[in-house]
Structures are given as structure tokens and as C-alpha cells.
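If you want the building blocks of each chain, they are given just below.
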Amino acid sequence: MKNIITILVLSIYTTFVSCDSVATNRYNFAEVKSSSQTKALIAKMILENKEEDIDSTSSYIELNLKGMHYADVPIKSALITDNYTLLTTDTVNFSAKKLLEVLEAEKGLTNLNNSYSDDVEFEWKDEIETKKLEVNFVNGKHLAAFGNKDYGKLTITYNPVYTIPLAKIHSKVKVFDAAPKYLLYIKSYNSVFDISINDVRIAEDTDSDSFNLNNYITGPNSTIKLTAKTEDKTIKKEPNTYYRDPSFSIEIIDNSTKKVVKKIEEISIKNNIPVNLKLDFNSTLPYYPKAWTNGADLRNSKDLKEKVIALYTKLGNAILANDEQAINDLFYQKDFEVQQLDFDTNFETARTKWEAYLTILLNTYKYTLAKDFDIEFNAGGKLIYTYAKDKSDMLILTGKNYDDSFNHFLYQPKGSNELKIIR
Amino acid sequence: MNNETNMKKLTLLLLLVSLFGYAQVDYKGLVKNIEDITIETDIETHFKGVPFTEEYGEIKFSDERFLRFYGVFVDKVKINTSYGGKRITMHFFDEISDYNKLKTKLTELYGNPDVNERSSSTYYEWKTESKSLMLRVSTEESLFTEFDELVVTLFH
């Protein structure tokens, strides 16, 4: 018992001794969590080290001050720019090992990347910041045999903070143990397809080989209708030449488990007569979206064209007015449902999309609307898609060296008089 | 008696202070012995806690701090599971001592290997009913130059 106490007292003494060294460790970069906090730390360092004559006038600042550290790992030099902070440890005392362990305690383990040299890189990314550690071996062999002279270079960049819900969808996405992702796979030779799922037309004359189905599933029972046609009718049976009939086979798979849910073996298209297929399958999604399920039947809606124009006008005006809240309101339900149906909790998905919307807002100075268009009714009239006839798309955005266009599936919630973007 | 109770309390207190002083990753607890993998082993469970990447159904681990094969550091390991069985491909740190150690160990466990010497490489193969182990080294005039890989195939 006495021995145990002696060891514990000694270890606590060591802790106190290292705490004492913290007193000289005045500038802790691990506590900095934003660009403004970085600036505050720089100001403190300049104020407390007037004799060092630090040049703070240029766009970057180089510091070699005593007392700089990252969670008690001494930092030999710091390069701070408007975009990033680069911290380099000294080539003593296993600093690379210590810095890696401190970062792993803070952020968790992550995959390593081998760079072209013998160095090893780690990266931790979250909503607030990206930290990249480069481990440089001097006398160490590898991560399991660090040398005392191996050093680390830590690059920290802070991400912009967005408060708009459309940029933070991941925080609302529910996580489930089983999260199927249904895909339709087609293997084909000289065939094209018209495909609809649950009475929503998702492709026409396509020769693509895979389709995401989750976005068009609103309940456990689904039906896929497919028409297979010959792609190139000039390929004909001729004497002394190889010929085979156009053909295709189909699989519905759950991409999360790679399990085949439904399979149709090879079918041939004879004499160019299109083949029609109907496939029923049961999905077991842990989340079914509202989507257009509470939508009104629009088939007899008299002012539907005006409503379509009104919606795209609203979107065009929101873009020209840089109205971020209006963009959020127009796209949130669609983007949320799509990300939830992909069971995607990565913070970058919605952030990247939001930054694309911001780029659109920044660049667009004009929009053009299609006024003449055909309306296609899907899902028993609850969902519509429009085909512009007088323009190349429904909404065309123009900017300097830039153009973009929009066309979406629309529905009208029951009790509302306005259309909404849903896919 | 009273003194002993106080000692116990003090010990507990000191123990708690030392334990909660600094939360760290349990590196030792994460070390995985690749030789323990059998055909039944669930790979993700076996390597729980160790970061991995997955591409085309192949799982890859590359953090040498956590990978051992009979005590030898493994640089990278790729694991492929198919209907035929499991294929475990290991790369080492190209040390002649690693190669010697593994050749000795495998010979001790499975007897003398089949040796296939070619112009610039040598293959050593050990086979049992349930697995095969193929060790490949590059050679120059029959002398070791590089430790290429060790492939363990586990059969159903």
C-alpha cells in the first residue's frame, strides 16, 4: 500500500512539475478556435514581447517566441496568414509523437496518408476547422518507432460559420442502424430505356446503367415500370456478320449491404419491338419522406402554368435580391429529404451545396424564364415536371462568364395555393 | 484500523486524480494481431477502433502502430473477403530481420515451405487444409534485396 502511495505521489508531483512548466507555456494554440481568437493571441504575443520587434504589418506573421505551445507540446515557429496557421515543433523530445497523440486525444483517430516523400499526413475535418498534421521523420522509422528528432507541422484552417439551416442539414439527419440505399442497375447491349418509379418518370431514352431509387420512394411498396427499346436500329442481322439482339438484365440492389433485392435475368428485344416490364418490390427504409404525399391533384388545376411561372419568378427574384432566407425556404424540404434518404450525416454535403447557392447569388445579374412549356403529371397528378419549349430550361441565370439553369419536380401541398420545389 | 481506512481513501483519491489528469487514446488496447484472424472473423469487429478505408469491397488498414503479425510491425494490410475465402495481403517495412523472423516463425508452425526461386524473386509457401501463406521477397543472385509481401489465404 505504501509503495502504491509513493508511486502516486511521485506521479502527481510530476504532474505539478509539468504544470509549472505550463506557467512558462503562455501561448496555447490548442485553445484557439477561430480567426478572431488567432488575432487576439497574436495581439497578446506582440504586447508581451515588445523587445522582439514583431512585424505585424505584412499579410502574414512569423513568430519564434518562447512559450508557444499546442496543448503543452512546444511550438518552435508559427506562420500565421489570413487563411491558415502553420505550427512547427522542434526536432527534440519526440515532439511529432506528442503532437500526434495530443491531436488524437482531441479529435480521435483518423486515417493516415503517405505523401510522396517519407512523411505521413493526418487530417481532421469538422464544421469549425480543418487540422492537418504532417509527421516528418528525421531519426524515426515509422509511426510505431518514432525517433526523438521527428517533428510535426500542423496546419489549421477555420471554416466559415453558417447559421442558415440549409447549410446545416447534417445536424437534422437521423441515423439508423439499417439504412438501405436502393439502386436500379441495368446491364444492357444496344438498348435504351424509359423508366418510372411509383409513377414518377425518372428517365427517358437513357442508356445509363444505375439509378438512385430512394428519392422517389414514399412508402414500403414500390413499382418500377420500364420500357426497353433498341438503341441503334441500323445494326441488323446480315450474312457473315456477327449479330446479337439488343438485350438487358436488371437488378435492384441495396447498396448499403450490396444485397440483391430483385433480379431480372437477360431479356432480348426481338424485331425492335419494345419490351415493357413492371417490377414490384418492397423497401424497408427507416424513414419515408412526406415528399408529395400530401400534395393536391394538379391535373385539373386551371392556373397551373401561372403557378409554375410564379414559383420560378420567386426563385429568380430571390437570387437577384441575394435573399438567403428565401433560398433556404425554397430548397430546404427538397435538400433535407434527399440528404436524409441518403442517410448522409457528413457536414460537408449541405455546406458545399450552400456555397454553390452563394456562388449563384454572387454571380447572377439576370434571369430568364420559359413561358411556353409542357407539363408532365406524375404520381397521380401530385407531382409535376415541366419541359421548356421556348428556352433551353425553365429558369436560366446569367452572370459575367457564368450561366446556370434550374428545373425541378414541383408539388402543391394541400391547403396551399403555391407550388413547392420537391426534387 | 482507522489508519488503514484513511490510507485506502487516500489511495483512491490519488488514483482518481492520476486517472482523470489527462484523457488519452488507449494505444496498446488498439494493437491487433493479424495472425488471430480466421475464416469466421468479422474484420470490422476484429479491428474495432482502428481507422480503415474501403474500396471495391477491400478493407485497408495502414497505421503501423496497431498492426502486428507474430509481433512484427505491419506497414499496411489489405483484406479481401470473397466466396472462396479471405485474402490478407501484408506489406512490411522491408527489413531483412522481419523477413527472417517471419520465415523462421512460419517454418516452426507449419514446417518447411515449398520454395520457388526465380531470377529476381523467391516465393516461400506454407499450406495447410485451412490456409496458405505465401511470402515473396525480391532477390539479386539469390540474395535478399526487398521484402515484397506476405499473402495469407484462409479457405472455407
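Parameters and conventions
- Residues numbered from 1 in each chain as written.
- Chains lettered and ligands numbered in written order.
- Predicted model: local features only at pLDDT ≥ 70, side-chain atom pairs only at ≥ 80, totals over all residues.
- Heavy atoms only, no water.
- Pairing = 2+ DSSP bridges.
- Helix = DSSP H or I, 4+ residues; strand = E, 2+ residues; numbered from the N terminus.
- 1 Å grid on protein atoms, 1.4 Å probe; cavity = no way out; pocket = protein on both sides within 12 Å on 5 of 7 lines; lining within 4 Å.
- Points joined across faces, edges and corners; volume = space filled by probe spheres on them.
- Nonpolar A, V, L, I, M, F, W, Y, C, P; charged D, E, K, R; others polar.
- Core = buried A, V, L, I, M, F, W, Y, C linked by side-chain atoms within 4.5 Å.
- Buried < 20%, exposed > 50% of the residue type's maximum accessible area, 1.4 Å probe, protein only.
- Domains from an automatic or database assignment.
- Contact = heavy atoms within 4.5 Å.
- Patch = residues over 30% accessible without salt bridge, like charges linked within 9 Å, V, L, I, M, F, W, Y side chains within 5 Å.
- Areas by Shrake-Rupley, 256 points an atom, 1.4 Å probe, with all protein chains shown as cover.
- Salt bridge = Lys/Arg side-chain N within 4 Å of Asp/Glu carboxyl O.
- Lys, Arg positive; Asp, Glu negative; His and termini not counted.
- Charge placed at Lys NZ, Arg CZ, Asp CG, Glu CD.
- Polar contact = N/O pair within 3.5 Å; in protein donor to acceptor, adjacent residues only side chain to side chain.

> Explanation requested: the pairing of strand β22 (residues 402-406) of chain A in the structure shown.
Side chains on a regular strand alternate between the two faces of the sheet. All names here are of chain A. One ladder, built from 5 bridges, connects strand β21 (residues 395-399) with β22; its direction is antiparallel. Its bridge partner being in β22, L395 is matched across the sheet by F406. Counting the residues that bridge the hairpin from β21 to β22 gives 2 residues, and of these N401 lies at a positive phi of roughly 50°.

> When you look at the sheet that holds strand β4 (residues 67-69) of chain B in this model, what are you seeing that I'm missing?
Within a beta sheet, neighbouring strands are joined by backbone hydrogen bonds and run either parallel or antiparallel to one another. Residues and elements named next belong to chain B. With mixed pairing, 3 strands are arranged side by side in an open sheet as β1-β4-β5. A single partner strand is all that each edge strand has here, and the edge strands are β1 (32-33) and β5 (72-73). As paired elements, β1 and β4 share 2 bridges and run parallel to each other. Along β4, the bridge assignment pairs K32 with L67.

> Would you take a moment to explain empty space enclosed by the protein for this structure?
Once rolled over the atoms, a probe with the size of a water molecule shows which space is left empty. Residue and element names in this part refer to chain B. This structure, assessed with the given rule, holds 1 cavity of 30 Å³ or more. Its boundaries defined by the atoms lining it, the largest cavity holds a volume of some 80 Å³. Lining the largest cavity, in full, are I34, E35, I37, F69, Y70, I88, M90, Y110, K131, L133, V152 and L154. Only β7 (85-91), β10 (131-140) and β11 (143-155) provide two or more residues apiece to the lining of the largest cavity. Class assignment for the residues of the lining of the largest cavity results in 10 nonpolar, no polar and 2 charged.

> Teacher, can you tell me more about the nonpolar core here?
Nonpolar side chains tend to gather and get buried jointly when the protein is soluble and globular. Residues and elements named next belong to chain A. F248, L315 and I327 are the most contacted members of the largest nonpolar core, which totals 72 residues. Of the residues forming this core, the biggest block, 7 residues, is contributed by helix α4 (residues 304-320). Shared between two domains, this core holds at least three residues of each, these being domain 2 (180-282) and domain 3 (304-421). When near neighbours in sequence (up to four residues on either side) are disregarded, F248 contacts I186, K187, S188, F193, L226, A228, E265, E266, I267, I269, V275 and L277. Core analysis: the second largest hydrophobic core is formed by 35 residues, V32, Y70, V120 and V135 among them.

> Help me understand a negative patch on the surface in this model?
All names here are of chain A. Negative charge collects at one region of the surface, where E51, E52, D53 and D55 lie side by side. Position of E52 relative to the elements: it lies in the loop between α2 (35-48) and β2 (60-63). On the accessibility criterion, E52 (44% relative accessible area) is partly exposed.

> I'm lost on the side chain of H408 of chain A in this one. Help?
Residue and element names in this part refer to chain A. Here H408 lies in the loop between β22 and β23 (410-411). On the basis of relative accessible area, H408 is assigned to the buried category, the value being 11%. A distance of 3.2 Å separates a polar atom in the side chain of H408 from the backbone oxygen of R423. In contact with H408, other than residues within four places in its own chain, are Y312, F331, K334, I384, Y385, I421 and R423.

> Any chance you could explain the pattern of salt bridges here in plain terms?
Residue and element names in this part refer to chain A. Throughout the structure, instances matching the rule amount to 32 salt bridges over all chains. Residue E129 is joined to K107 by a salt bridge in which the shortest nitrogen-to-oxygen separation is 2.6 Å. With E129 in strand β8 (residues 129-136) and K107 in helix α3 (residues 95-107), this residue pair connects regions lying 22 residues apart in the sequence. Accessibility expressed as a relative area gives 2% for E129, which makes it buried. Taking relative accessible area as the criterion, K107 reaches 23% and is therefore assigned partly exposed. Notably, a salt bridge pairs D303 with K307, separated by 3.8 Å at the nearest N-O pair. What makes K307 buried here is its relative accessible area of 11%.

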